[in-house]
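Listed below, chain by chain, are the residues.
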Amino acid sequence: MTPTQAPHMLAVVGRRARNKADKQQRIFEAASELFTRLGYSAVTTQMVADRADVGTGTLFRYASSKAELLMMVMNEQMRLDTRAGIAAAASGTSPTEAIMALLAPQIHLPLAFPENTAVYQREILFGTEQGRYRTEALARITELEDAIGDILGRFTRTHRVRAGVDLHGAARTTFSTLHMELLRVSFGRGDPQTLTATLRAHVDVLLYGVLDPT
């Protein structure tokens, strides 16, 4: 490449990157709107492609299946919910209150979108596709677990950690409890109206075995 060709090539690369980002954003917005309005089972990849104004071939370069499209949408929702929860948890005056503030944004998902949440959780647990969206979903889980661990660590200033307790393990257990309760509600096996109270009771029991007020 000659010096005179370099600016042109950079402009081409920049234009391609912008076009790619624009298509991905249109696909994300189309999938988000359709899944939110209609629910997972009623949406097809063709509907998403049409709404995003791209061909199905282009669509499948960004997400290989309808399940991946949902994971794309739900991963971003989980990221935003975790960010909001971390901000709210900072003002919690007790471990339970702080953890419940962290979890509160996550709780609305199975209540508002039970089918989408059930499919998302199923794909995280049992999905066979090892693509970037499942990898990202696992990263979102780790982020939430770390946030729970940070809360537990913050309250070690006023609470004694019980002997033999691993705070990171306790954070994982707390998230696993949240996960199972979300699944129960999403699959119609739990009462959505009592989800918050049920989670609070679980958190109280878990924290009793982790932190001892001094």
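Attention here is on the structure that accompanies the text.

### Looking at the overall build of the protein chain
Alright, step 1. Secondary structure assignment for the protein chain yields nine helices and two strands.
Alright, step 2. Start at the N end of the protein chain and walk to the C end: the helices and strands fall as α-α-α-α-α-α-α-β-α-α-β.
Alright, step 3. The burial tally for the protein chain puts 43% of its 214 residues in the buried class.
Alright, step 4. When contacts within the protein chain are restricted to residue pairs at least 6 apart in sequence, long-range pairs at least 24 apart make up 72% of them.
Alright, step 5. Working note: accessible area of the protein chain is about 11,300 Å², and carbon and sulfur atoms make up 56% of it.
Alright, step 6. Positive and negative side-chain charges in the protein chain, numbering 24 and 22 respectively, have mean positions lying 5 Å apart.

### Quick notes on the pattern of salt bridges
Alright, step 1. Enumeration according to the criterion identifies eleven salt bridges in this entry.
Alright, step 2. Between R79 and E76 there is a salt bridge, with the nearest N and O atoms lying 2.7 Å from each other. Note that R79 and E76 are positioned in helix α4 (residues 66-89) at a spacing of three residues, about one turn of the helix.
Alright, step 3. Owing to a relative accessible area of 23%, R79 belongs among the partly exposed residues under this scheme.
Alright, step 4. Taking the shortest distance from any N to any O, the salt bridge between R184 and E181 comes out at 3.4 Å. Here R184 pairs with E181, and both are found in helix α8 (residues 167-186), just three residues apart, close to one helical turn.

### Points about helix α6 (residues 114-126)
Alright, step 1. The end-to-end C-alpha distance of α6 is 18 Å, a good match for the 18 Å that 13 residues give at a rise of 1.5 Å each.
Alright, step 2. The set of residues buried in α6 consists of N116, T117, A118, V119, Y120, Q121, E123 and I124.

### Side note on the side chain of Q106
Alright, step 1. Turning to its location among the elements, Q106 is positioned in helix α5 (residues 95-112).
Alright, step 2. Side chain to side chain, Q106 and T82 meet in a polar contact 3.0 Å long.

### Some words on the packing of aromatic side chains
Alright, step 1. Taken as a whole and assessed by the stated rule, the structure comprises one aromatic pair.
Alright, step 2. For the pair F35 and Y40, a centre-to-centre distance of 5.8 Å together with 15 degrees between the ring planes defines the contact as stacked. As far as burial versus exposure is concerned, F35 and Y40 are alike and both buried.
Alright, step 3. Over the ring of Y40 we find K66, and its NZ or CZ is 4.3 Å from the ring centre.
Alright, step 4. Sitting over the ring of Y208, R162 keeps its end group 4.9 Å from the ring centre.

### Some remarks on empty space enclosed by the protein
Alright, step 1. One pass over the structure, following the stated rule, counts two cavities of 30 Å³ or more.
Alright, step 2. Computed from the structure, the largest cavity encloses a volume of approximately 100 Å³.
Alright, step 3. Taken together, 14 residues form the lining of the largest cavity, with M78, Q106, Y120, Q121 and L182 sitting closest to its centre.
Alright, step 4. Among the elements of the structure, α4, α5, α6, α7 (132-154) and α8 are those that each provide at least two residues to the lining of the largest cavity.
Alright, step 5. Broken down by class, the residue content of the lining of the largest cavity amounts to ten nonpolar, four polar and no charged.

Calculation criteria
- Residues numbered from 1 in each chain as written.
- Predicted model: local features only at pLDDT ≥ 70, side-chain atom pairs only at ≥ 80, totals over all residues.
- Heavy atoms only, no water.
- Helix = DSSP H or I, 4+ residues; strand = E, 2+ residues; numbered from the N terminus.
- Buried < 20%, exposed > 50% of the residue type's maximum accessible area, 1.4 Å probe, protein only.
- Contact = heavy atoms within 4.5 Å.
- Areas by Shrake-Rupley, 256 points an atom, 1.4 Å probe, with all protein chains shown as cover.
- Lys, Arg positive; Asp, Glu negative; His and termini not counted.
- Charge placed at Lys NZ, Arg CZ, Asp CG, Glu CD.
- Salt bridge = Lys/Arg side-chain N within 4 Å of Asp/Glu carboxyl O.
- Expected span 1.5 Å × (residues − 1).
- Polar contact = N/O pair within 3.5 Å; in protein donor to acceptor, adjacent residues only side chain to side chain.
- Phe/Tyr/Trp six-rings, centres within 6.5 Å; stacked < 30°, edge-to-face > 60°.
- Lys NZ or Arg CZ within 6 Å of the ring centre and 35° of its normal.
- 1 Å grid on protein atoms, 1.4 Å probe; cavity = no way out; pocket = protein on both sides within 12 Å on 5 of 7 lines; lining within 4 Å.
- Points joined across faces, edges and corners; volume = space filled by probe spheres on them.
- Nonpolar A, V, L, I, M, F, W, Y, C, P; charged D, E, K, R; others polar.

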